[in-house]
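Letter by letter, the chains look like this.
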Amino acid sequence: MKNLSDLPWKHDGREAVPQEGERMIEKFGTHWIKYVASTALYLVLMTAGLAALSVLGNASALAIPSSLLLSAALVFVHHWYFHRMLGRNADVVVLTNKRLLVSRASLWIRDDTTEHPLVPMRTVEAQKSGFIQHVLNYGTLSFDVPGNIELVPQPHRKAALISEILQEFGPKGRMDVPAHGVNA
Amino acid sequence: MFAGYHESMELSWTVFGILNGVSILLLALNLYEYRRVLQKRSAMWLSMTGEPAFKPSRTLVGLYILCTAILAFASASVLLRSA
């Protein structure tokens, strides 16, 4: 019996390694809507903070400790925001002819890569629910195996692309192909 | 009293210097980790495509550096006006 760590979906914190005959079909980031809430909060906090700093600057010298404290708070908010933005910017989805890799990161805290092998997969669904998702053209990709991918831009086009690959595998899927997907 | 005020301003500039030192350190650490994460992801695809698949966003990095500088400038100008 194969060791669990040898199976294709198990990474054990290592970066995914290309399989033999694997080629990239498409790579894409998640939709920019992921930045909106944090950016709105950042703008509100920074505007309020800078306005308060400006008021303190016109006040007496006794306000200096307060302005330094406020500056420290603003520095914290500023770096928290960009920490979040850079981490989310590093979120990527990669579609190859053998699998779908979803990588998500939060700098210094989390760096996950989830693999969705196309081998047991039969169907893929694109879901857009709600007015905003329709207008901004993003949604969720769901499969007949566990694991959804959220915030996918142009989900119907992506689903069609995955569906084309699945059709190439035929009605039996690729269950006759060895686990590591070596080309015949 | 004037000497006390002078000492207070000196201390304020020291705190300001430390604050901005920490800020620059955080900027450098975040950019380093961002680059490292993207390089790690790219490594896998180099063999397939022959080029790094994931490059850092210049807009985001530029904006981060610019906003950090603006923040430092805003704090300094407040201290200067208070002096």
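The following paragraphs examine the structure supplied in this document. Each chain has its residues counted from 1, running along the sequence as written. For this description, chains carry letters from A and ligands carry numbers from 1, given in the order in which they are written. Local features are withheld for residues below a pLDDT of 70 in this predicted model, meaning they are given only at 70 or higher, and side-chain atom pairs are given and counted only at 80 or more; totals for whole chains, interfaces and linings count all residues. The side-chain values count all of the structure's non-hydrogen atoms but skip hydrogen atoms and water molecules.

1. Describing the overall build of chain A
At step 1: Elements are defined by DSSP. Helices are runs of H or I of four residues or more, strands are runs of E of two residues or more, and each kind is numbered from the N terminus. Along the backbone of chain A there are four helices and seven strands.
At step 2: Along chain A, from the amino end to the carboxyl end, the secondary structure elements read β-α-α-β-β-β-β-α-β-β-α.
At step 3: Contacts between residues were defined by any pair of non-hydrogen atoms, one from each residue, lying within 4.5 Å. The contacts of chain A with a sequence gap of at least 6 include a subset with a gap of at least 24, amounting to 56%.
At step 4: Only carbon and sulfur atoms are counted for the fraction: they give 61% of the accessible area of chain A, which is about 9800 Å². All accessible-area figures derive from a Shrake-Rupley calculation using a 1.4 Å probe, and residue coverage is judged against the displayed protein chains alone.

2. Side note on the pairing of strand β7 (residues 149–153) of chain A
All names here are of chain A.
At step 1: As paired strands, strand β6 (residues 138–143) and β7 are joined by three bridges and run antiparallel to one another. Opposite glycine 139, over in β7, you have valine 152 as the bridge partner.
At step 2: Counting the residues between successive antiparallel strands, the hairpin from β6 to β7 contains five residues, one of them, glycine 147, with a positive phi of roughly 115°. Two strands qualify as a pair provided that DSSP identifies no fewer than 2 bridges between them.

3. Topic: the sheet that holds strand β4 (residues 110–117) of chain A
All names here are of chain A.
At step 1: Pairing is antiparallel in the open sheet, where four strands are placed in the order β1-β2-β3-β4. The two strands at the open ends of the sheet, each matched to only one other strand, are β1 (24–29) and β4. This sheet shows a mean twist of 15° between the axes of neighbouring strands, independent of strand direction.
At step 2: Strand direction decides the pairing type here: β1 and strand β2 (residues 92–96), joined by five bridges, are antiparallel. What sits directly across from methionine 24, in β2, is threonine 96. For helices, the fitted line uses only the C-alpha atoms of the stretch in contact; every axis is such a line through C-alpha atoms, and the angle between N-to-C directions lies from 0 to 180 degrees.

4. What about the interface of chain A and chain B?
At step 1: Counting from both sides, the interface comprises 45 residues of chain A and, opposite them, 39 residues of chain B.
At step 2: Note on terms: buried area is the combined drop in 1.4 Å-probe accessible area of two parts once they are placed together, counting the loss on both. Of the roughly 3600 Å² buried between chain A and chain B, counting both surfaces, carbon and sulfur atoms make up 74%.
At step 3: In terms of surface lost to chain B, no three residues of chain A exceed His79, Leu86 and Trp108 of chain A, which account for 18% of the buried area on that side.
At step 4: The salt bridge criterion pairs a side-chain nitrogen of Lys or Arg with a carboxyl oxygen of Asp or Glu, the two atoms within 4 Å. For the pair chain A and chain B, the number of links is two salt bridges.
At step 5: With a shortest N-O distance of 2.6 Å, aspartate 111 of chain A and arginine 41 of chain B are connected by a salt bridge.
At step 6: Polar contact criterion, stated in full: a pair of N or O atoms within 3.5 Å, where within protein one must be able to donate a hydrogen and the other to accept it, and residues adjacent in sequence count only if both atoms are side-chain atoms. Taken together, the connections running from chain A to chain B amount to nine residue pairs in polar contact (both at pLDDT 80 or more).

5. Details of a nonpolar patch on the surface
At step 1: Note on patches: the residues involved have over 30% relative accessible area and no salt bridge, like charges join within 9 Å, and the nonpolar side chains Val, Leu, Ile, Met, Phe, Trp and Tyr join within 5 Å. There is a patch of nonpolar side chains on the surface, built from Trp108 and Ile109 of chain A together with Ile18, Val22, Leu25, Leu26, Leu29 and Tyr32 of chain B and spanning about 820 Å² of accessible area.
At step 2: Following the sequence through the fold, leucine 29 of chain B ends up in helix α1 (residues 2–49).

6. Some remarks on the packing of aromatic side chains
At step 1: Each aromatic pair joins two rings of Phe, Tyr and Trp (for Trp, the six-membered one) with centres within 6.5 Å, and gets the label stacked for planes under 30 degrees apart, edge-to-face for over 60, and tilted for any other angle. Inspection of the entire model under this criterion finds six aromatic pairs over all chains.
At step 2: Ring plane angle 80° and centroid distance 5.9 Å describe the contact between tyrosine 42 of chain A and phenylalanine 82 of chain A, whose orientation is recorded as edge-to-face. Of the two residues, tyrosine 42 of chain A sits in helix α1 (residues 36–58) while phenylalanine 82 of chain A sits in helix α2 (residues 64–89), which places them 40 residues apart along the sequence.
At step 3: Aromatic pair tryptophan 108 of chain A and tyrosine 32 of chain B: ring centres 6.2 Å apart, planes at 25°, arrangement stacked. With tryptophan 108 of chain A in the loop between β3 (99–106) and β4 and tyrosine 32 of chain B in helix α1, this pair bridges two chains.

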